[in-house]
Amino acid sequence: MADQKAILKAGGKEIELPILSGTEGQDVIDVRSLGQHGYFTYDPGFMATGSCESAITYIDGSAGVLLHRGFPIEELARDADYLEVCHMLLHGDAPSKEEYEEFKDTITRHTMVHEQINMFFHGFRNDAHPMAMLCGTVGAMSSFYHSDLDVSNEEQRIRSAHRLIAKMPTLVAMCYKYNIGQPFVYPRNDLSYAANFLNMMFSVPAEEFQISPAVERAMDRIFTLHADHEQNASTSTVRLAGSSGANPYACIAAGVASLWGPAHGGANEACLNMLEEIGTVDRIPEFIARAKDKSDPFRLMGFGHRVYKNHDPRATVMRESCHEVLSELNVKDPLLEVAMELEKIALNDPYFAEKKLFPNVDFYSGIVLKAIGIPTNMFTCIFALSRTVGWISHWHEMMSDPKQKIGRPRQLYTGHNQRKYTPIK
Ligand code: CMC
């Protein structure tokens, strides 16, 4: 932490504000004392606001850097598996071989959900959006663990984190099976995290199911690349919900809800819907023109990012996986042709170059998910599954901080001044 100070001149006063430095990244002006001087800061959309202190993930948007516990995402995507990344996010560091085995064993032993959760599903229409079912069933899990909901107890917090990481694939696969009318498939503890998920999604009791190693690898990579992303909308939602002392299942349900929007986790689903709407390569110019037209609200889904203004390092890795999976599976899908051509055209268009808009991770992950047979409406659920570890690690970090306070932003009020009420009667 630096000794520098910023001086704010306001209302004829000079207010000294400390400047704080982290281990990486921009310094921040500590405005916590401003309230005593009669001011609040105003920053809708949090364009210049650090909402907390965190040691989990670092992003440098202009350099295209993403580090989890200091480790670059490219190295993790290449050399680590998702559970290793989960361990570092939640427990603070890369696991030793023994720690990894123990962690894997713990997660594996929590994969089953309470049998009564099956019944919740039967309360949904069978064409319910899987995110609606996921939101509801994740929150409902809090009703099964009454004795483990003391959020001030570290051991209980960690147990909830393990349960959530372990059970999310089971719940997500149940959402899919319920939609298509197939029986739920129980988890298999002899499979890897990714293979178990694929098995719960695609196997049926009537026959053997073979998982291609390329698909298993791509699935694990999608999980890894979406595991955490610092203080994005859904993570901030989880933190805000948790700041009141709410239980972890309720907080993660809030994260699922926030992720659902098309500007966030809903982007990969929106992207595939857009590709379907484009339909054929010859219609791409029409959609590019619409994206540039200020009077048209249309945006190219899967392009652009609030933080990355040069390239998204996750997209670079996902692009590689995308091409690998498409060639290994030898999929012939006109939509994928549209996607590849759109990527080429947008990358070479000056409008996109000037505004620093490039395909983000969800552009490629959507294509991979489609290629491995996952229906579009399941995409955001898979993002939620992957991000659960990030959400719960941030929640745990926040709850471990003795200075933790309820989050309570203020506002710039623009409504009526006080006036007299005339009773209607
Ligand atoms: N297509 C066309 N124009 C765009 C797009 C796009 N996808 N994204 C931004 N722009 C333009 C926008 O019109 C604006 O132009 P101008 O300066 O002339 O007004 C400029 O670029 C800056 O846009 P912005 O909305 O101020 O930028 P932002 O940082 O607030 O928005 C974003 C970031 C991700 C919400 C936005 O780029 C977007 O809506 N992208 C499509 C949705 C998407 O793919 N989201 C997934 C993000 S990655 C997954 C995740 O982390 O959740």
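Residues numbered from 1 in each chain as written. Predicted model: local features only at pLDDT ≥ 70, side-chain atom pairs only at ≥ 80, totals over all residues. Heavy atoms only, no water.

**With respect to the overall build of the protein**
Of the regular secondary structure elements, the protein holds 17 helices and six strands. Relative to the globule expectation of 22 Å for 425 residues, the C-alpha radius of gyration of the protein, 23 Å, shows essentially globular dimensions. C-alpha atoms of the protein, sized along the principal axes, occupy 75 × 65 × 60 Å. Looking at the 425 residues of the protein, the share that counts as buried comes to 47%. Of the contacts formed within the protein by residues at least 6 apart in sequence, a portion of 71% connects residues at least 24 apart. A total accessible area of about 21700 Å² is found for the protein, and carbon and sulfur atoms account for 52% of it. For the protein, the distance from the average position of its 41 positive side-chain charges to the average position of its 53 negative side-chain charges is 9 Å. (Helix = DSSP H or I, 4+ residues; strand = E, 2+ residues; numbered from the N terminus. Rg over C-alpha atoms; globule rule 2.2 N^0.38 Å. Buried < 20%, exposed > 50% of the residue type's maximum accessible area, 1.4 Å probe, protein only. Contact = heavy atoms within 4.5 Å. Areas by Shrake-Rupley, 256 points an atom, 1.4 Å probe, with all protein chains shown as cover. Lys, Arg positive; Asp, Glu negative; His and termini not counted. Charge placed at Lys NZ, Arg CZ, Asp CG, Glu CD.)

**Brief notes about the site of the ligand**
In the region of the ligand, 22 residues are neighbours, and His264, Lys294, Arg299, Leu300 and Gly302 sit closest. One of the side-chain N or O atoms of Tyr351 is found 3.5 Å from a nitrogen atom in the ligand. Contact with the protein chains removes 75% of the 940 Å² of surface that the ligand exposes when unbound. Split by residue class, the shell around the ligand holds nine nonpolar, six polar and seven charged. (Near = heavy atom within 4 Å. Polar contact = N/O pair within 3.5 Å; in protein donor to acceptor, adjacent residues only side chain to side chain. Nonpolar A, V, L, I, M, F, W, Y, C, P; charged D, E, K, R; others polar.)

**A short note on the sheet that holds strand S3 (residues 28-29)**
Ordered by their spatial adjacency, three strands build an open sheet running S1-S2-S3, and the pairing between neighbours is antiparallel. Taken across any chain shown, the strands that pair with only one partner, and hence form the sheet edges, are strand S1 (5-10) and S3. Pairing of strand S2 (residues 13-20) with S3 involves two bridges; the strand directions are antiparallel. Counted as the bridge partner of Ile19 is Ile29 from S3. (Pairing = 2+ DSSP bridges.)

**Details of helix H14 (residues 334-347)**
Relative to the 20 Å expected for 14 residues at 1.5 Å per residue, H14 spans 20 Å between its end C-alpha atoms, a close match to the ideal helical length. Within H14, burial applies to Leu335, Leu336, Val338, Ala339, Met340, Leu342, Glu343 and Ala346. Tucked inside the fold, the buried residues of H14 contact helix H11 (267-278), helix H12 (284-292), helix H13 (313-329), helix H15 (350-354) and helix H16 (361-371). (Expected span 1.5 Å × (residues − 1).)

**Regarding the nonpolar core**
Side chains of a nonpolar character, in soluble globular proteins, are inclined to be buried together. Counting 113 residues, the largest nonpolar core has Leu134, Met219, Leu300 and Leu342 as the members making the most contacts within it. In terms of residue count, helix H6 (residues 154-180) provides more of this core than any other element does, 13 residues in total. Excluding its chain neighbours within four sequence positions, the residues that come into contact with Leu134 are Met168, Leu171, Val172, Cys175, Val256, Cys381 and Ala384. Core analysis: the next-biggest nonpolar cluster, separate from the first, contains five residues, Ile15, Leu17, Ile19 and Leu34 among them. (Core = buried A, V, L, I, M, F, W, Y, C linked by side-chain atoms within 4.5 Å.)

**Some remarks on the pairing of strand S4 (residues 57-60)**
On S4, burial follows the alternation: Thr57 and Ile59 on one face are buried, whereas Tyr58 and Asp60 on the facing-out side are not. Pairing analysis gives four bridges linking S4 to strand S5 (residues 65-68), with the strands arranged antiparallel. The residue bridging Tyr58 from the neighbouring strand is Leu67, located in S5. What sits between S4 and S5 in their antiparallel hairpin is a turn of four residues, with Gly64 showing a positive phi close to 70°.

**Remarks on the sheet that holds S5**
Here we have three strands laid out as an open sheet, ordered S4-S5-S6, and antiparallel in their pairing. At either end of the open sheet lies a strand with only one pairing partner, and these are S4 and strand S6 (71-72).

**Regarding the packing of aromatic side chains**
Across all of its chains, the model carries 17 aromatic pairs by this definition. With a centroid separation of 6.5 Å and an interplanar angle of 55°, the aromatic rings of Phe144 and Tyr145 are classed as tilted. Each residue in the set Phe303, Tyr351, Phe352, Phe363 and Tyr364 is aromatic and connected to the rest through ring pairs, giving one cluster. (Phe/Tyr/Trp six-rings, centres within 6.5 Å; stacked < 30°, edge-to-face > 60°.)

**Some remarks on the packing of helix H2 (residues 82-91) against H6**
Two numbers describe how H2 lies on H6: the axes approach to 12 Å, and their chain directions differ by 155°. It follows from the interaxial angle that H2 and H6 lie roughly antiparallel. Between H2 and H6 lies a crossing whose hand is right-handed. From H2, Cys86, Leu90 and His91 reach across to H6, where they touch Ile158, Ala161, His162 and Ile165. Taken together, the residues that form the contact of H2 with H6 break down as five nonpolar, two polar and no charged. (Axes fitted to C-alpha atoms, helices over the stretch in contact; angles between N-to-C directions. Parallel < 35°, antiparallel > 145°, perpendicular 65-115°, else oblique. Left-handed = near helix turned anticlockwise from the far one by under 90°.)

**Observations concerning the pattern of salt bridges**
Counted under the stated rule, the structure contains 22 salt bridges. Glu341 serves as the salt-bridge partner of Lys344, at 3.3 Å between the closest nitrogen and oxygen. Separated by three residues within a single helix, Lys344 and Glu341 lie in helix H14, roughly one turn from each other. (Salt bridge = Lys/Arg side-chain N within 4 Å of Asp/Glu carboxyl O.)

**Here's the deal with H16**
For H16, the tally of buried residues reaches 10 of 11 residues, placing the bulk of the element in the interior. Immediately beyond the C-terminal end of H16, within one or two residues, lies Gly373, with a positive phi of roughly 95°.

**Re the side chain of Ser365**
Relative to the helices and strands, Ser365 resides in helix H16. Take Ser365: its relative accessible area is 0%, and that puts it in the buried class. Apart from residues no more than four positions distant in its own chain, Ser365 is found in contact with Ile222, His226, Asn268 and Met318.

Functional significance is not addressed by these values, which are geometric in nature.
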